[in-house]
Amino acid sequence: MIRDRVIACLLFAVAFAGLVMQRMSSFSDFPLVVEAVVAVAAVTSGLTGVWLWVRSSRQRSGDPQAQAGAETGATTSDD
């Protein structure tokens, strides 16, 4: 659980850095493809960080579905 939180924090930092780079005036000199790659990387890092943080929170709260999914590596859905 601690490992997930540490990785999530690092991913949040990467996402924040990507968003800051988007706002820098010197970044506008780069080609559109580079800007798009940085934006996609920032969003992906942020969403992955949120997923890890929530997964860690569900495991810590004692949710039996989350613990069973973590042990088997499977994802669960609430149908």
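Report on the accompanying structure. This one's a predicted model, so the numbers in the text were calculated from it and none came from an experiment.

1. A closer look at the side chain of Ser56
Reasoning step 1: Among the secondary structure elements, Ser56 is positioned in helix α2 (residues 32-60).
Reasoning step 2: Judged by relative accessible area, Ser56 falls into the buried class, the value being 0%.
Reasoning step 3: Here Arg5 takes part through its side chain, which lies 3.4 Å from a polar atom of the side chain of Ser56.
Reasoning step 4: In contact with Ser56, other than residues within four places in its own chain, are Met1, Asp4 and Arg5.

2. Brief notes about the packing of aromatic side chains
Reasoning step 1: Considering all chains together, one arrives at one aromatic pair under this definition.
Reasoning step 2: With a centroid separation of 6.4 Å and an interplanar angle of 45°, the aromatic rings of Phe12 and Trp53 are classed as tilted. With Phe12 in helix α1 (residues 2-23) and Trp53 in helix α2, this pair connects stretches of sequence that are 41 residues apart.

Conventions we followed
- Residues numbered from 1 in each chain as written.
- Predicted model: local features only at pLDDT ≥ 70, side-chain atom pairs only at ≥ 80, totals over all residues.
- Heavy atoms only, no water.
- Helix = DSSP H or I, 4+ residues; strand = E, 2+ residues; numbered from the N terminus.
- Buried < 20%, exposed > 50% of the residue type's maximum accessible area, 1.4 Å probe, protein only.
- Polar contact = N/O pair within 3.5 Å; in protein donor to acceptor, adjacent residues only side chain to side chain.
- Contact = heavy atoms within 4.5 Å.
- Phe/Tyr/Trp six-rings, centres within 6.5 Å; stacked < 30°, edge-to-face > 60°.

Bear in mind that shape data such as this cannot, by itself, settle questions of function.
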